[in-house]
Amino acid sequence: MPVDLMPASADLIRLLPEIVLTLMGTLLMVLAAILRKRSSNAYGNLSIAALLAALGAAVYAYTRQGPAFGNMLVVDGLATFFRALVIVVGILTVLASYRFLRRQGAETGEYHALLLFSIAGQCLMAAANDLIVVFIGLEISSLASYVMVGYLRDDKRANEAALKYFLLGSFATAFFLYGVALVYGITGTINLSGVRAALTAPESCLQAGAGSVLCVQNWLAPWPIFLGVAAALLFVGLGFKVSAAPFQIWAPDVYQGAPSPVTAFLSTGPKAAAFAVFLRIFMSAFEPGGAAWEPLVWFSALASMTIGNFAALRQSNVKRMLAYSSIAHAGYVLVALTARSADGAAAVMFYLGAYAFMNIGAFAVVGHLAGKGERYQDIEDFGGLGQKQPLTAAMLTIFLLSLIGVPLTGGFFGKFYIFKAALESHLVWLTVLGLLNSAVAAYYYLRVLVMMYFREPSQAAIEAEPLRPGLRAALLVSAVATLFLGIFPNWVLDFSNKSAAMMK
Amino acid sequence: MNFLDQIWLIPLFPLLGAALMLFFGKLLDPQPVGQASGPAHHGQAEGLPHQTSLRKLIDFICPGMVLLSFVFSLGAIYQLRQLPGRVYQVIQFTWIAGLPFHMANGHLATFQADWGFLLDPLSSVMILVVTGVGFLIHVYSTGYMAHDNGYYRFFGYLNLFVFFMLMLVLANNYMLLFVGWEGVGLCSYLLIGFYFHKKSACDAGKKAFVVNRVGDAGFVLGMLLMMSVLGTVKFTDVNAILRSGQFPAETAGFGVLSAIAILMFFGATGKSAQVPLYVWLPDAMEGPTPVSALIHAATMVTAGVYMVARSAALFQLTPSASAVVAVVGAFTAILAATIALVQNDIKRVLAYSTVSQLGYMFLALGVGAYWVAIFHLFTHAFFKALLFLGSGSVIHAVGGEQDMRRMGALKNKIPITHWTMFAGSVAIAGIPGLAGFFSKDEILWQAYSSPLGSKALWFVGLATAGLTAFYMWRLMNLTFYGRSRVAPETEKHVHESPASMTVPLTLLAIGSVLAGWLGTPKLWNLGASFHKFETWLAPMFATGAAEPAGEAGHSASLEWMLMGLSVAVAIVGISIARYFYHNRPDIPDSLEKSFKPLHTLLYNKWYVDEIYDFLFVNGLGKGGGRVFGAFDRTVVDGGVNGAGWLTRFSSKVSIWWDTWIVDGAVRLTSFSVKLLSYPACLLETGRVQTYAFFVVAGLLAFFGYYIAR
């Protein structure tokens, strides 16, 4: 069968966000070389423009839904939701980075170019409908973020974090590739629609793109153990990215060592994209074999919540505490995955949306307070922030309350929908343990609040400079979004419900 | 352009204005340093208007937003006329998603509230009043407030008020109506206390808020009861259920529907200043005069009337609740009118007059003449806004003086103000041809002839009409005619207000003259276009059942006679006022002396404030504490002492239990949490090799699970 190598225009439109991001990233690299200017706001402004254009492209692509490039990509509600989410995460990261980078004297073009590449990879992951495309997206996103972690070259902590992240990341991704190979061995295809078809009926054919028909066969249907092993291998790669136990162990070291805006990005962007892939693989392709992988996710959800929350109790470094909190939050999201229902999938999307805003906000405040060279990272350093910078403290309060899950914040509805979905799928034990966990979690978030409002100002709070416009915008947007999701959850929930129902 | 689809823009415009003012207004209107915000001395040479070119922007933005709303309202209503049912409902989005709950009858229902708008003849009248009169008052304010600090704050609040008021009247369910209801209450509080450094203004704002909150409690309870009985709070659903015959009319006694109706009406007495909760409105005159005109005369205080009319289907089924409404309305009307007879503060007279006129509206609602109540609301909005704005113009002219004993003979000095107020006073007094006559006379006729009405209600209404004519012309005579009593140094500065104030006055005066012709008496047989108001509103209040032949039972001659009587009463009232305060100014003083106790009683407003202070503020608040204290010492303490030994014994048991079991459990929990947190951290060695090992170990554990299974 002759293959037409020229992609159709519809295919290109559906890939438009990635195209825009890649081109602009390249342009930034070239500009940085031509201008020979080490430090400039212009790179950041350009990068915001690129992200806004990509956001537009993602929305535009949504008007032309459907598969692209021979069913290797698919643009649907899920893809668009996560594309938009990671792009917005990118915008907030850039806004929070302006002042941070200037303070470290490192406002270069590469930083923004790497960010754009990483986001391009995540967009690709969100839209991938083929395990190899998933892998490519994962690599694009990861390679860029490895460099970003070690971006402050002279910082020893950052260097160590980058190396650890790189070594362990490559290690975990290798497992993912093994998993892909095994899936191919079982079903004879790496296309996710094909995998689903093969697992549903041992022998079936389906329409793949224009004119070509894909026939798949499930050779190993009588031995579900291979499916479980394949799922486990894929889980290693993705679980690593979302920092789910037992593959969470890198997260505290890396989150602590990386520059704060990068940490904010790492804990939200790649995580959201990896969960998008999670949903695609486990809720769509592997959905027929649900009984095989559910125990894995169940275990991982519980372990992540427990390890994350209990370890966070003992941390004195705020970034490290937030790293453990991020592990715990991955656990909550896995609870929703365990539910194996459309409601669960919608809850995953809603939660990640809410989580992105509150976590970026929290890390942005941490980066703001840390000062030059990120000296102040201790919980003690938040003492008296409420007196010195009431606005900053108020916004951090909103983020922390949302992380706890207090009503009127997005975090509340996120947890509410997750545990509701879990209960509806009769996961009573997991729900009870999850709720106990979130009660434990309240303790370490509240500690920061107590510091801010009931202690004398610390050195860090006294030295902290006033909020700059970029950072102020990032914080305001995050705070407003957090509250908005807590008061009008339906707007986002309707979309995610619709997308979740369409997914199969 | 399809205005009906853009209906959401109508409240949005003023909200936008409010947001602009409250967030960025300070940039447009920088205040001079070291000068507190406060009422400037109007018309005096000091207090130069620090008008900047930026401040001019506020003059355009805020009234402009309301004007836009007005234009969109006109467009929407024009298109509404062409719809077959003349009802247009649009739901913007679900606000409170379905919450399942059990109704009183045991059925499972879903509670849902939408962010939806309902435009029908009733709400269309309301939005025209709110945006139309609201716009004129905004324009007036640009002149009136020109000397004040906090200009942007004033307009921000005013626009915010218009937004909430529009939400209130456009809402398609009680829940959303309540959002507007509370919102206008908030704005009223903010604006009464606009001169926040004046203690009396702050107290008045607080009083308004607290008294309103008492009423709101009733409204909320009514709403909850309605939810549990009917299962919905959406107007269209509520009406459909109530008119389906599922609930029989509670003619015999007092059932659950009557309870809902009474609770909701209690809410209305708070917002619309009726007995027993009217006491806040006169004090609310501490706010700037345009606020009194917009919020405390033309719009917010009519929210209760609107709400009861909106619940017509409910009140039509509950005659006993309707009777309560009628009696409370009539009582309020005459009580407030008697107080207005002797007040000397020009704004206070008008405030009591407003309470009294609102009483008329409730009287109409109570006797089942819903469209008449709305008609009076409509005409009252014109002439009362006019009278308030006129009084503002007078106060402006005499340098902030509000006491009528220090006015007089202002007729030729401020002619436009005089002639417009003249029109307003004739209108409210009920002289045929002007707005007030038509609506008030229809109320009196309905009170007499409706099956729910009675001769007693009619007579109270008639007496109130006479009192109204008297106190209004007392006000006119004291202010504009006779001998000047203005302080000499102020006399020199008396001047007519600027065009921004006189033009709205003129337009409102035209409205006061003409608005009534939309609802002329049927008796006059003037043709369809003069009954527009009734035909426009009637479908809203049709019960579906056959109309009781109320009017047929009375002859036309009787109606002519009653009409003549009410006109006669008005003319008598005006004449007596003219004679007392113009021809023989000595009579009022001698009357005051010979009827000293009665005058004191009226002047002190029947001592209602003092009684409330005694009963509630000191009584329940402080005295109640004493009563409960005595109860505590004798009854409770006796029981407590008797049970003391038992407690001591059981406390020993519980101490043991606490120490060993409860404390033990708590300590065990915190200990185990701590214990668990150690291994969680022990994993972190910081060595990459260990980490990689854990990854592999985790994977092998997964594999092991499949193999072992």
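Residues numbered from 1 in each chain as written. Chains lettered and ligands numbered in written order. Predicted model: local features only at pLDDT ≥ 70, side-chain atom pairs only at ≥ 80, totals over all residues. Heavy atoms only, no water.

Undergrad: Go over the overall build of chain A with me, naming the residues and quoting the values.
TA: Along its length, chain A carries 22 helices and four strands. With 504 residues in all, chain A has 65% of them scored as buried. In chain A, of all internal contacts separated by at least 6 residues, the share reaching a separation of at least 24 is 79%. Accessible area of chain A: about 17400 Å², with a carbon and sulfur share of 68%. (Helix = DSSP H or I, 4+ residues; strand = E, 2+ residues; numbered from the N terminus. Buried < 20%, exposed > 50% of the residue type's maximum accessible area, 1.4 Å probe, protein only. Contact = heavy atoms within 4.5 Å. Areas by Shrake-Rupley, 256 points an atom, 1.4 Å probe, with all protein chains shown as cover.)

Undergrad: Before we move on, can you summarise the side chain of Ser341(A) with the specific residues and values?
TA: Summarising the element assignment, Ser341(A) is placed in the loop between helix 14 (318-338) and helix 15 (342-370). Sequence-distant contacts of Ser341(A), that is, excluding residues within four places in its chain, are made with Met283(A) and Ser425(A).

Undergrad: Could you give me a rundown of the interface of chain A and chain B, with the residues and numbers involved?
TA: Tallying the contact residues gives 37 residues for chain A and 27 residues for chain B. Broken down residue by residue, the surface that chain A buries against chain B is led by Ile249(A), Phe310(A) and Arg314(A), which jointly contribute 21%. Remark: the boundary between chain A and chain B carries zero salt bridges. Connecting chain A to chain B are two residue pairs in polar contact (both at pLDDT 80 or more). Listing elements by their share of the side of chain A that touches chain B, those giving two or more residues are helix 7 (156-187), helix 9 (224-242), helix 10 (251-257), helix 13 (290-313), helix 14 and helix 22 (490-502) of chain A. Looking at the side of chain A that touches chain B, the element that brings in the most residues is helix 13 of chain A, giving 10 residues. Class assignment for the residues of the side of chain A that touches chain B results in 28 nonpolar, four polar and five charged. (Buried area = accessible area lost by both parts, 1.4 Å probe. Salt bridge = Lys/Arg side-chain N within 4 Å of Asp/Glu carboxyl O. Polar contact = N/O pair within 3.5 Å; in protein donor to acceptor, adjacent residues only side chain to side chain. Nonpolar A, V, L, I, M, F, W, Y, C, P; charged D, E, K, R; others polar.)

Undergrad: Could you give an account of empty space enclosed by the protein, with specific residues and numbers?
TA: Residue and element names in this part refer to chain A. This structure, assessed with the given rule, holds seven cavities of 30 Å³ or more. A volume near 90 Å³ is recorded for the largest cavity. Forming the boundary of the largest cavity are Ala96, Arg99, Phe100, Arg103, Ser260, Pro261, Ala264, Phe363, Ala364, Gly367, His368 and Leu471. Only helix 4 (77-104), helix 11 (260-266) and helix 15 provide two or more residues apiece to the lining of the largest cavity. For the lining of the largest cavity, a count of residues per class yields seven nonpolar, three polar and two charged. (1 Å grid on protein atoms, 1.4 Å probe; cavity = no way out; pocket = protein on both sides within 12 Å on 5 of 7 lines; lining within 4 Å. Points joined across faces, edges and corners; volume = space filled by probe spheres on them.)

Undergrad: How would you sum up the pattern of salt bridges? Please name residues and give values.
TA: Residues and elements named next belong to chain A. Tallying each qualifying case throughout the model produces 24 salt bridges over all chains. A salt bridge links Asp155 to Arg157; the nearest nitrogen and oxygen atoms lie 3.6 Å apart. The exposure class assigned to Arg157 is partly exposed, which follows from its relative accessible area of 34%. With a shortest N-O distance of 3.6 Å, Arg468 and Glu465 are connected by a salt bridge. Through salt bridges with shared partners, one network takes in Arg99, Arg103, Glu465 and Arg468.

Undergrad: Let's hear about the pairing of strand 2 (residues 108-119) of chain B: which residues, and what values?
TA: Residue and element names in this part refer to chain B. Counting buried residues in strand 2 gives nine out of 12 residues, a clear majority hidden from the surface. As judged from the 11 bridges shared by strand 1 (residues 88-102) and strand 2, these two strands associate in the antiparallel manner. Directly across from Tyr88, in strand 2, lies its bridge partner Leu119. The turn linking strand 1 back onto strand 2 is made up of five residues, and Gly106 within it adopts a positive phi angle of 90°. (Pairing = 2+ DSSP bridges.)

Undergrad: Kindly report on the packing of aromatic side chains, identifying the contributing residues and their values.
TA: What characterises a pair of aromatic rings is the spacing of the ring centres plus the angle enclosed by the ring planes. All names here are of chain A. Within this structure, the stated rule accounts for 69 aromatic pairs over all chains. Seen from their ring centres, Tyr332 and Phe419 are 6.3 Å apart, and the 80° between their planes marks the pair as edge-to-face. One end of the pair, Tyr332, is in helix 14; the other, Phe419, is in helix 18 (residues 410-424), with 87 residues separating them in the sequence. The buried category is assigned to Tyr332, whose relative accessible area is 1%. (Phe/Tyr/Trp six-rings, centres within 6.5 Å; stacked < 30°, edge-to-face > 60°.)

Undergrad: Describe the nonpolar core, naming the residues involved and giving the relevant values.
TA: Of all hydrophobic cores here, the largest spans 224 residues; its most connected members are Tyr278(B) and Leu537(B). The element contributing the most residues to this core is helix 15 (residues 370-397) of chain B, with 19 residues. What Tyr278(B) contacts, discounting residues up to four positions off in sequence, is Ala273(B), Leu335(B), Ile339(B), Tyr352(B), Val355(B), Lys605(B) and Val608(B). Ranked by size, the runner-up nonpolar core spans 199 residues in total, among them Ala144(A), Phe275(A), Ile327(A) and Val688(B). (Core = buried A, V, L, I, M, F, W, Y, C linked by side-chain atoms within 4.5 Å.)

By themselves, these are just geometric observations and shouldn't be taken as functional.
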